[in-house]
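Listed below, chain by chain, are the residues.
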Amino acid sequence: MKLGVTLASLRLNVRDAIALASTIGLKGFEVEATRGEVTCELSRTGRRDFLHYSKSCRMEICALSGCFGQDFGREEGLEQLFEETKRLIDLAVDLRASVVTTMVGRVPPVAGSREWDRIWEGLNGLGRYAENFERVLATHIGETGPEELSKFITGLRTEGIRVAYDPSIMVARGLDPVKWVKDLKGLIAHAYARDVTGGAGGFSETLPGEGTVPFKEYIMALYETGYTGYHVIKRE
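What you see is a predicted model, and the numbers here were worked out from it, not measured in a lab. (Residues numbered from 1 in each chain as written. Predicted model: local features only at pLDDT ≥ 70, side-chain atom pairs only at ≥ 80, totals over all residues. Heavy atoms only, no water.)

Chemist: Explain the overall build of the chain to me, please; I cannot follow it from the model alone.
Modeler: Helix and strand content of the chain: eight helices and 10 strands. Taken over the C-alpha trace, the chain has a radius of gyration of 17 Å; the compact-globule value for 236 residues is 18 Å, and the two agree within 12%. The principal-axis extents of the C-alpha atoms in the chain amount to approximately 50 × 45 × 35 Å. A burial count over the chain gives 49% of its 236 residues as buried. Considering only contacts within the chain whose residues lie at least 6 apart along the sequence, 74% involve residues at least 24 apart. Looking at the chain as shown, the accessible area adds up to about 11500 Å², and 49% of this sits on carbon and sulfur atoms. Distance between charge centroids for the chain: 4 Å, based on 30 positive and 33 negative side chains. (Helix = DSSP H or I, 4+ residues; strand = E, 2+ residues; numbered from the N terminus. Rg over C-alpha atoms; globule rule 2.2 N^0.38 Å. Buried < 20%, exposed > 50% of the residue type's maximum accessible area, 1.4 Å probe, protein only. Contact = heavy atoms within 4.5 Å. Areas by Shrake-Rupley, 256 points an atom, 1.4 Å probe, with all protein chains shown as cover. Lys, Arg positive; Asp, Glu negative; His and termini not counted. Charge placed at Lys NZ, Arg CZ, Asp CG, Glu CD.)

Chemist: Mind showing me how you'd approach the pattern of salt bridges here?
Modeler: Think of it this way: side chains of opposite charge can pair up when their charged atoms draw near. Per the stated rule, a full pass over the model turns up 13 salt bridges. For Glu115, the salt bridge goes to Arg106, with nearest N and O atoms at 2.8 Å. Of the residues examined, Glu115 reaches a relative accessible area of 23% and is grouped as partly exposed. Here Arg106 falls in the partly exposed class, since its relative accessible area comes to 27%. For Asp183, the salt bridge identified is with Lys179, shortest N-O distance 2.4 Å. Here Asp183 and its partner Lys179 are both found in helix 7 (residues 177–183), four residues apart, which amounts to about one turn of the helix. Taking the relative accessible area as the measure of exposure, Asp183 reaches 39% and is therefore partly exposed. (Salt bridge = Lys/Arg side-chain N within 4 Å of Asp/Glu carboxyl O.)

Chemist: Would you mind going over the side chain of His190 with me for this structure?
Modeler: Tracing the backbone shows His190 in strand 7 (residues 188–193). The residues touching His190, leaving out its near neighbours within four places in the chain, are Glu30, Cys62, Ala63, Val99, Thr101, Ala138, Val163, Ala164, Tyr165, Tyr227 and Val232.

Chemist: Quick question: what am I supposed to make of the packing of helix 2 (residues 44–56) against helix 3 (residues 78–94) here?
Modeler: Running from N to C, helix 2 and helix 3 point in directions that differ by 50 degrees, and their axes come no closer than 10 Å. As judged from the angle between their axes, helix 2 and helix 3 are oblique. On helix 3, the residues touching Arg44, Arg47 and Leu51 of helix 2 are Asp90, Leu91 and Asp94. Each residue belonging to the contact of helix 2 with helix 3 can be placed in one class, and the counts come to two nonpolar, no polar and four charged. (Axes fitted to C-alpha atoms, helices over the stretch in contact; angles between N-to-C directions. Parallel < 35°, antiparallel > 145°, perpendicular 65-115°, else oblique. Nonpolar A, V, L, I, M, F, W, Y, C, P; charged D, E, K, R; others polar.)

Chemist: So what exactly am I meant to see when it comes to unusual backbone geometry here?
Modeler: As a rule of thumb, non-glycine residues mostly have phi less than zero, and peptide bonds are mostly trans rather than cis. A positive phi angle, near 55 degrees, is found at Arg11, a position not held by glycine. Mapped onto the elements of the fold, Arg11 is located in the loop between strand 1 (2–6) and helix 1 (14–23). One non-glycine residue, Arg96, lies in positive phi territory at about 60 degrees.

Chemist: I'm lost on the pairing of strand 8 (residues 195–199) in this one. Help?
Modeler: Looking along a regular strand, one sees side chains alternate from face to face of the sheet. With five bridges connecting them, strand 8 and strand 9 (residues 202–206) associate as antiparallel partners. Opposite Asp195, over in strand 9, you have Thr206 as the bridge partner. (Pairing = 2+ DSSP bridges.)

Chemist: Even after reading the chapter, I still don't get the packing of aromatic side chains, so can you show me in this structure?
Modeler: The geometry of an aromatic ring pair is captured by two quantities: the separation of the ring centres and the angle between the planes. Applying the stated criterion across every chain yields a total of six aromatic pairs. Directly above the ring of Tyr129 sits Lys86, whose terminal nitrogen or CZ lies 5.4 Å from the centroid. Note that Lys234 overlies the ring of Tyr192, its terminal NZ or CZ placed 4.9 Å from the centroid. (Phe/Tyr/Trp six-rings, centres within 6.5 Å; stacked < 30°, edge-to-face > 60°. Lys NZ or Arg CZ within 6 Å of the ring centre and 35° of its normal.)

Chemist: How should I be thinking about the nonpolar core in this particular structure?
Modeler: Considering soluble globular proteins, one finds that nonpolar side chains tend to be buried as a cluster. One finds Ile18, Phe29, Ile61, Leu64, Leu123, Tyr165 and Tyr218 to be the most contacted residues of the largest nonpolar core, which totals 64 residues. With seven residues, the top contributor of residues to this core is helix 3. Filtering out sequence-adjacent residues up to four positions away, Ile18 remains in contact with Leu7, Phe29, Phe50, Tyr53, Ser54, Cys57 and Met59. One finds Ala138, Ala164, Tyr230 and Val232 within the second-largest nonpolar core, a separate group that totals eight residues. (Core = buried A, V, L, I, M, F, W, Y, C linked by side-chain atoms within 4.5 Å.)

Chemist: Just checking my understanding: could you explain a nonpolar patch on the surface for this structure?
Modeler: Judged by side-chain polarity, Leu12, Leu20 and Ile24 come together as a nonpolar surface patch covering roughly 260 Å² of accessible area. Note that Leu20 resides in helix 1. (Patch = residues over 30% accessible without salt bridge, like charges linked within 9 Å, V, L, I, M, F, W, Y side chains within 5 Å.)

Written out as C-alpha cells, the structure is:
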C-alpha cells in the first residue's frame, strides 16, 4: 500500500511539507496547483527544479489538485475552465503526476438537455486530452451522487475521466463507503485516507481510523477492485 498526503494538510510551505512527508515515511503527495507555489505559471526551469527536489526527497508527485471552484455544467466561463484544465494536465505531464483532481459539479439529470450535452462533450474532450498523455482527470464526488456520477462517467467515450474517492464524504452523506468502492469498481483513480466522526448533528474530521470510516474494510475493498494507486491522507 502506497501512502501519500495532501501537502496542504501539513500547514507548511510546499518544500518543507515535502521534506516532512518524506521524513515520516510517506512516498507521495498531492499538491494544490490552482494557486500557491506550484501552478501553471511555473516556468520550465521551475518545473524541472521542483521535480528534482521532489525526487531528491524520494517523493513522487501522485496528483495535482485542480479545483477551480466552477461547475463544469455552467456555461459562463466554461471555455476558459476547459483551457485551464488542459494546462493543468500539461503541468502534470511535466511533473510526472499521473492524476489531476477536480470537481465536475452537478451533472444534469436529463440526458440530451442542452446543459447535459455541453458537459458531456466538454468532459469527453478533456478526457481524451488526458488520455493522449496517459493522464487521468479524477473528479471528487460533489453535488451529484455516486450513482448518477458513475452512470455519467461510464457513458463517456473516454477513460480519461475517473473518480477521486473520499470515504468520509460517503459517510457524511449516510452512504456505505465500502459498498460504493465496489460499485465504482474500475472508476476510482485516486483514493483518500480521510475520516470523520459525528452524526445527525454534523461531522468533524478526525485521524484516519479513529472515526466512522471502516478503514480495514475500505482498504480491502479497494484492493479487491484492483486499485493500485495511492491512499492519500487529507485534512482540511
